[in-house]
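# Architecture and fold: a report
Chain residues, written in single-letter form:
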Amino acid sequence: MYYNNNTVVYLNRKMVKAIEANGDLYSQTLQYGYGVFEGIRSYATANGTSIFKAKEHYERLKKSCDLIHIPLDYSVEELVDASYQVLAQNNLQDAYLRPVVYLEPNMSLSKPTGVNLLITAWEWGAYLGDKMLNLCTSPYQRPNPKSVHVEAKVTGHYINSILATVHAKENGYDEALLLDAAGFVAEGPGANLFMEKDGKLFTPALGNILPGITRATVLEMCAELGLSCEEKQFTPEELKTADSAFYCGTAAEIIGIAQLDNYRFPLDWSESLGKKLQERYSKLVREPQPESVAR
């Protein structure tokens, strides 16, 4: 699904065939989940292939590395250029890119002894599909921010996301909603949440969530469109009085939520602020990005 015999990947400053790339069984990333990654999308635009907010994604990748003590010797510009190389080598335009920083063999719980960078790309539709979502409140909570760096996109953190998603699907739901350690609404397993009430948008504040690039884009679009949006803590009970809600993320883009547990959001999606933002986002990502040359 993700690669074939002709797929080319970027590995440690070289372009190699995916089937020839390899790692080590004793890597700290495999053994302990000690690594970081990003999820990035590229789109076909009038001026060629353009990666949406590549600079912001790679700045976050480097920040994630810094937070968990991984020395990554790449500039943002080098990472962006490598990503365009991967797209060109694989003849991809509308694609999903997955940069992963993984580590050398080291069976101790210590700083890395060596660092590897892999960038792959493949065609991938909207992660959560294009139909309104039916969510359940997950029995799993987001990690306590005093136990890990929740603002870092760490590979091992996503076990939490897998547990929540598997539980939701096994119980007949499309996806989960996770709360934070204090019981406030946090986010989805792979997306940030916004709710609409009385013509105003609300989203969980930073501190217990991953600061999503798409979340930041939604906040920018709200300012551009003159929409009121407040970052604050709120409970699941408050969310169940909202008029509408949606998830957003690079993989999911913007997708409406029909129901949470036994509460159905009453506002028709076509009349919601989320729908307006969804349409604006779809256009925005297909515009050439100012921070990089579309190729």
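Here the structure is a predicted model, which means the values were calculated and not measured. (Residues numbered from 1 in each chain as written. Predicted model: local features only at pLDDT ≥ 70, side-chain atom pairs only at ≥ 80, totals over all residues. Heavy atoms only, no water.)

Phi is positive for asparagine 91, close to 55°, though the residue is something other than glycine. The backbone of glutamate 253 sits at a positive phi, close to 60°, despite the residue not being glycine. Mapped onto the secondary structure, glutamate 253 falls in strand 15 (residues 253–260). (Helix = DSSP H or I, 4+ residues; strand = E, 2+ residues; numbered from the N terminus.)

What follows concerns the packing of helix 5 (residues 213–225) against helix 7 (residues 273–284). Interaxial distance between helix 5 and helix 7 falls to 11 Å at its minimum, and their mutual angle equals 105°. If you check the angle between helix 5 and helix 7, you find them roughly perpendicular. For the pair helix 5 and helix 7, contact is made by Thr214, Thr217, Val218, Met221, Cys222, Glu224 and Leu225 and by Lys276, Leu277, Arg280, Tyr281 and Leu284, respectively. In terms of residue class, the contact of helix 5 with helix 7 is built from seven nonpolar, two polar and three charged. (Axes fitted to C-alpha atoms, helices over the stretch in contact; angles between N-to-C directions. Parallel < 35°, antiparallel > 145°, perpendicular 65-115°, else oblique. Contact = heavy atoms within 4.5 Å. Nonpolar A, V, L, I, M, F, W, Y, C, P; charged D, E, K, R; others polar.)

One pass over the structure, following the stated rule, counts 10 aromatic pairs. A centroid spacing of 5.7 Å and a plane angle of 85° characterise the contact between phenylalanine 52 and tyrosine 281, whose relative ring orientation is edge-to-face. In this pair, phenylalanine 52 sits in the loop between strand 5 (48–51) and helix 2 (54–67) while tyrosine 281 sits in helix 7, placing the two residues 229 residues apart along the sequence. Taking relative accessible area as the criterion, tyrosine 281 reaches 3% and is therefore assigned buried. Taken together, a centroid distance of 6.4 Å and an interplanar angle of 65° make the contact between phenylalanine 246 and tryptophan 269 edge-to-face. Within this pair, whereas phenylalanine 246 is found in strand 14 (residues 244–249), its partner tryptophan 269 is found in the loop between strand 16 (263–264) and helix 7, the two being separated by 23 residues in sequence. An identical accessibility class is assigned to phenylalanine 246 and tryptophan 269; each is buried. The side chain of arginine 13 reaches across the aromatic face of tyrosine 74, ending 3.9 Å from its centre. (Phe/Tyr/Trp six-rings, centres within 6.5 Å; stacked < 30°, edge-to-face > 60°. Buried < 20%, exposed > 50% of the residue type's maximum accessible area, 1.4 Å probe, protein only. Lys NZ or Arg CZ within 6 Å of the ring centre and 35° of its normal.)

Between helix 2 and helix 3 (residues 76–89), the least distance of the axes is 9 Å, while the angle of their chain directions is 120°. Considered as vectors, helix 2 and helix 3 are oriented oblique to each other. The chirality of how helix 2 crosses helix 3 is right-handed. Facing helix 2, whose interface residues are Ala54, Lys55, Tyr58, Glu59, Leu61 and Lys62, helix 3 presents Val76, Leu79, Val80 and Ser83. A per-class count over the contact of helix 2 with helix 3 returns six nonpolar, one polar and three charged. (Left-handed = near helix turned anticlockwise from the far one by under 90°.)

Attention now goes to the pairing of strand 4 (residues 40–45). A large share of strand 4 lies buried, amounting to five of its six residues. Here four bridges tie strand 4 to strand 5, and the two strands are oriented antiparallel to one another. Within strand 5, the position partnered with serine 42 by the bridge is isoleucine 51. Between strand 4 and strand 5, which pair antiparallel in sequence order, lie two residues. (Pairing = 2+ DSSP bridges.)

With 13 residues, helix 5 should reach 18 Å at 1.5 Å per residue; the first-to-last C-alpha distance of 18 Å fits that figure. Backbone geometry just downstream of helix 5 places glycine 226 in the positive-phi region, at approximately 75°. (Expected span 1.5 Å × (residues − 1).)

Tracing the backbone through its elements, the reader meets serine 83 in helix 3. A polar contact is formed between the side chain of serine 83 and the backbone oxygen of leucine 79, at a distance of 3.0 Å. Once residues within four sequence positions are removed from consideration, serine 83 is found in contact with Ile51, Tyr58, Leu97 and Ile119. (Polar contact = N/O pair within 3.5 Å; in protein donor to acceptor, adjacent residues only side chain to side chain.)

Along its sequence, the chain is organised into domain 1 (8–123) and domain 2 (133–284). Computed over C-alpha atoms only, the centres of domain 1 and domain 2 are separated by 26 Å. Listed per partner, the contact involves 20 residues of domain 1 and 19 residues of domain 2. Per-residue buried area on domain 1 facing domain 2 is highest for Phe37, Phe52 and Arg60; these three make up 34% of the total on that side. Among the salt bridges present, the one from lysine 53 reaches glutamate 220, with a minimum N-O distance of 2.7 Å. Between the two partners, domain 1 and domain 2, sit 12 residue pairs in polar contact (both at pLDDT 80 or more). Sorting the residues of the side of domain 1 that touches domain 2 by element identifies strand 3 (36–37), strand 4 and helix 2 as the ones contributing at least two each. For the side of domain 1 that touches domain 2, the leading source of residues is helix 2, giving five residues. (Domains from an automatic or database assignment. Buried area = accessible area lost by both parts, 1.4 Å probe. Salt bridge = Lys/Arg side-chain N within 4 Å of Asp/Glu carboxyl O.)

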